[in-house]
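Now for the letters of each chain:
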Amino acid sequence: MSRILTLNAGSSSLKFGLFDASVPEPPLVASGHVDSIGSPNAGITVKAADGAPLAAEGPGPVKDHADALDRVLSLVARLFPGAAVDAVGHRVVHGGPDHDAPVALTPAIAEDLDRFSPFAPLHQPHNLAGVRAAMARFPGAVQVACFDTAFHRRHPWENDTFALPRAYYDKGVRRYGFHGLSYEFIAGHLREAAPLLHSGRVVVAHLGNGASMCALLDGRSVGSTMGFSALDGLPMGTRCGQLDPGVLLYLMDQEGMSAAEITDLLYRKSGLLGLSGLSNDMRRLEAADTPEARQAISYFTFRIRRELGALAAVLGGLDAVVFTGGIGENSRLVRARVCDGMHWIGLDLDPDANAANAPEISAKLSRVRVLVVPTDEERVIARAAARHLEGRPYPTQRSLR
Ligand code: AMP
């Protein structure tokens, strides 16, 4: 049977999905993840499409992403003997200015994408390591890269640029925006489940270990909180979010920090972890009773509220807010704090629906609807890979010209 494998590598995790490629909208066969890569306590779990556990390994050491991928591929081969992998779909965080749609990878394109590793160091090098490993393991399979930046590539110019001399824009110093696979899934979900909202003004808050927000107008991204790198906008688990560039000058000039040290500070030691001094994990912060943990949550929700107002202004009003990502889908506290006192914009929360994690958590008379939608980046990747297998890839802007 023909299969599509999807790979989605984060800084210390690897998610994967196995899909049945013989059906047009490929159904999920199995999915799983490797956690805590690089630690002695890593774990691997695989479950069937209905959630039934199929395999679990660990806690034990998983050396690096290559090791993780090797283990995943061996498990998949053992669990599904005889399944031919015809396509591998990869989440690639940064596609730069040229990629506005998924692309079939060649070794040369994969090598070129390494240029963007410095702008997404927690993801891009691992994404590309996955590409190389999958090319070696499945030499006959089509390898499809799906970019988190692609969904935003048609941003209006004002949302695509910084106020630097134009030469930098031409060199690719632009506001790309990320989490595009998640936003594409949400836009597709709205098109099916709530067509009126899909054609309206929607702000999606993807709140997970990485966090950003996106303004959707008629299902298209017209603004997002992330920019050139995966650092800007909202504070995240370990990333700082919006920062006055003067802080960087201060860190270099006055604190004598190198680029590598600043990278480490901004990507790995800031955000919820830096503010709380405790953890990047929202569950731990909610459970902790320290002033620093409470302040970290307050800063997080304050920034989301601020960006919600800004993106509503970009949209010229607001019809719906969608929460997604690990925090957005599960944290009643964060959702309640974000929506508190938002009556001025027409948004009223139903506290009981919010407490119950219901799919719609706005009050009956709220003009702005508030939805909770579990995202599914793997499905978006699998769809793109299936289209390549069928010989009808998504058109790119250049192919439309
Ligand atoms: P993600 O990166 O999308 O997997 O999301 C990870 C984040 O979701 C972590 O900060 C988790 O603590 C958070 N999260 C997951 N489940 C819950 C929950 N039940 N309550 C609060 N936060 C949660």
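Small disclaimer: the values here were computed from a predicted structure and weren't measured. (Residues numbered from 1 in each chain as written. Predicted model: local features only at pLDDT ≥ 70, side-chain atom pairs only at ≥ 80, totals over all residues. Heavy atoms only, no water.)

## A closer look at the environment of Ser13
Take Ser13: it is sitting in the loop between β1 (2–9) and β2 (14–20). Considering only alpha carbons, one finds Ser13 and Ser36, 23 residues apart in sequence, at a separation of 6.1 Å. (Helix = DSSP H or I, 4+ residues; strand = E, 2+ residues; numbered from the N terminus.)

## Some details on the site of the ligand
For the ligand, the full set of nearby residues is Gly208, Asn209, Asn280, Asp281, Met282, Arg283, Glu286, Gly325, Gly326, Ile327, Asn330 and Ser331. Interatomic distance of 2.9 Å between a backbone N/O atom of Asn209 and an oxygen atom of the ligand. Asp281 is positioned with one of its side-chain polar atoms (N or O) 2.5 Å from an oxygen atom of the ligand. Coverage of the ligand by the protein chains reaches 72% of its 500 Å² of free accessible surface. Residue assignment for the shell around the ligand shows that the elements contributing at least two residues are α10 (282–287) and α12 (325–330). Element by element, the count of residues in the shell around the ligand is highest for α12, at four residues. Looking at the shell around the ligand residue by residue, the classes come out as two nonpolar, seven polar and three charged. (Near = heavy atom within 4 Å. Polar contact = N/O pair within 3.5 Å; in protein donor to acceptor, adjacent residues only side chain to side chain. Areas by Shrake-Rupley, 256 points an atom, 1.4 Å probe, with all protein chains shown as cover. Nonpolar A, V, L, I, M, F, W, Y, C, P; charged D, E, K, R; others polar.)

## Section: the pairing of strand β9 (residues 201–207)
Of all seven residues making up β9, six are buried, and the element is well covered by its neighbours. Across seven bridges, β9 lies against strand β10 (residues 211–217) in antiparallel orientation. By the bridge assignment for β10, Val203 is matched with Ala215. Connecting β9 to the antiparallel partner β10 that follows it, the hairpin turn spans three residues. (Buried < 20%, exposed > 50% of the residue type's maximum accessible area, 1.4 Å probe, protein only. Pairing = 2+ DSSP bridges.)

## A few points about the packing of helix α1 (residues 65–79) against helix α3 (residues 124–137)
For the pair α1 and α3, the least separation of the axes is 10 Å and the interaxial angle reads 45°. Of the possible angle classes, the one that applies to α1 and α3 is oblique. Viewed along their axes, α1 and α3 form a crossing whose handedness is right-handed. Judged by residue contacts, His65, Leu69, Asp70, Leu73 and Ser74 of α1 engage His126, Gly130, Ala133, Ala134 and Arg137 from α3. For the contact of α1 with α3, the per-class residue count stands at four nonpolar, four polar and two charged. (Axes fitted to C-alpha atoms, helices over the stretch in contact; angles between N-to-C directions. Parallel < 35°, antiparallel > 145°, perpendicular 65-115°, else oblique. Left-handed = near helix turned anticlockwise from the far one by under 90°. Contact = heavy atoms within 4.5 Å.)

## Overview of the UniProt feature "site: Transition state stabilizer" (unreviewed entry) in the chain
As annotated in UniProt, the feature "site: Transition state stabilizer" (unreviewed entry) corresponds to His179 and Arg239 in the numbering used here. Within the secondary structure, His179 is located in the loop between α4 (166–170) and α5 (180–193). A relative accessible area of 7% places His179 in the buried class. Among the structural elements, Arg239 can be located in the loop between β11 (220–224) and α7 (245–253). (UniProt positions renumbered as here; feature names shortened; annotations may be inferred.)

## A few points about the packing of aromatic side chains
A full pass over the atoms with the stated rule returns four aromatic pairs. The interplanar angle of 50° and the centroid separation of 6.4 Å between the aromatic rings of Phe116 and Phe119 together place this pair among those described as tilted. Residue classification places Phe116 among the buried positions, given a relative accessible area of 6%. We classify Phe119 as partly exposed; its relative accessible area is 23%. One residue, Arg174, lies across the ring of Tyr169, its end atom 4.1 Å from the ring centre. (Phe/Tyr/Trp six-rings, centres within 6.5 Å; stacked < 30°, edge-to-face > 60°. Lys NZ or Arg CZ within 6 Å of the ring centre and 35° of its normal.)

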